[in-house]
Amino acid sequence: MNTSIIVKTADNVTLNGTHFAANNPKATVLLNPGTATKTTYYLPFAEFLVSQGFDVVVWNYRGFCESKTSQLKGCSYQYSDIGRFDMPAMIDKAKSINPTLPLYCVGHSAGGQQIGLAANYQKLDALVAVAVSAGYFGYMPTGYRIKANFFFRLFSPITGALFKYVPAKKMNFMEDLPVGFAREWSAWCREKQLFFSNKFYGKSIAEGTYKNFDIPTYVFTADDDEICTEQNVHNFWRNVTSKHPIAFKRYQSAQLPAKKVGHFGYFRKHNQAIWHDILTALNETHNAKQSSAI
């Protein structure tokens, strides 16, 4: 059974999502999307988790898909609002669905990258971070770096000034973006350490973010991911400290059936081997949690 979800954030923004219910669920999974990524992309994976006994909450951030405001023009949303406001609201909602069951998060890209900005992330019992790294332009492959620089340094500021929002969808880049949202995203990606850079950390990003990040964490990346290059992966996770070991798995794309993952291939059906590894991580954490409770 699928049920619509409506949530209000602390700054009074309405978010929408869907609760996919399993029969006799053993836990709830909050599925955090990548930035400006269509929610429908994650539905096959959500259905897979439901078939394995997990309730799943699928949703999207302010300004996107089912949570899209009627007017992005002149909208004041910032990129960090995802972690500071949207994720906390949805964590609380997902926990309220099954209050006595564990709550896990599968976060794709920004969906795992910004989870540490959520003041209530400790309500999660584990994080599976898929394609989560710093996004420094200079460490991207040449072709993708050129495309990213064109989008963030030319297209976004020019169209933002002209239209008061970034019409990215018309050019088939991604979903449309608020101007301030795109500006902050761009600023982060110009720094090797992302928001851990001294330009942001302790200023727009709270001091101590991702320090003592004490929930079990699994990180899945691929060698052909255009953003999660080895340097970007290292430069993000080197800033995260936890009493729990952080488990890393990096896929050799040539060894997978489709021979390709990229930044958006992890949740496609032809890469179900990755789905099963995510399931294994969730079940390992769940079994350990159940054993410790005995």
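Below: a short report on this structure. (Residues numbered from 1 in each chain as written. Predicted model: local features only at pLDDT ≥ 70, side-chain atom pairs only at ≥ 80, totals over all residues. Heavy atoms only, no water.)

## Examining the sheet that holds strand β7 (residues 217-222)
A sheet is described by the order of its strands in space; here 8 strands give the open sequence β1-β2-β4-β3-β5-β6-β7-β8, paired in mixed fashion. If you trace the sheet from one side to the other, it starts and ends with β1 (2-8) and β8 (246-251), each paired once. The sheet shows a mean angle of 20 degrees between the axes of neighbouring strands, taken without regard to direction. By the bridge criterion, 5 bridges tie strand β3 (residues 27-32) to strand β5 (residues 103-108) in an arrangement that is parallel. (Pairing = 2+ DSSP bridges. Helix = DSSP H or I, 4+ residues; strand = E, 2+ residues; numbered from the N terminus. Axes fitted to C-alpha atoms, helices over the stretch in contact; angles between N-to-C directions.)

## A look at the side chain of Asn 149
Structurally, Asn 149 can be placed in helix α4 (residues 142-163). At 2.8 Å, the side chain of Asn 149 forms a polar contact with the backbone oxygen of Arg 145. If sequence neighbours within four positions are ignored, Asn 149 has contacts with Phe 137 and Leu 154. (Polar contact = N/O pair within 3.5 Å; in protein donor to acceptor, adjacent residues only side chain to side chain. Contact = heavy atoms within 4.5 Å.)

## What to know about the pairing of β1
Sheet topology places β1 next to strand β2 (residues 14-20); 7 bridges connect them, and they run antiparallel. Along β2, the bridge assignment pairs Ile 5 with Gly 17. As consecutive antiparallel partners, β1 and β2 are separated by 5 residues, and within that stretch Asn 12 has a phi angle of approximately 70 degrees, a positive value.

## Side note on the packing of aromatic side chains
We describe a pair of aromatic rings using the distance from one ring centre to the other and the angle between the two ring planes. Scanning all chains against the criterion turns up 35 aromatic pairs. Geometrically, the ring pair formed by Phe 196 and Tyr 201 is tilted, given 5.7 Å between the ring centres and 45 degrees between the ring planes. Judged by relative accessible area, which is 12%, Tyr 201 ranks as buried. Sitting above the plane of the Tyr 77 ring, Arg 62 keeps its charged end 5.1 Å from the centroid. (Phe/Tyr/Trp six-rings, centres within 6.5 Å; stacked < 30°, edge-to-face > 60°. Buried < 20%, exposed > 50% of the residue type's maximum accessible area, 1.4 Å probe, protein only. Lys NZ or Arg CZ within 6 Å of the ring centre and 35° of its normal.)

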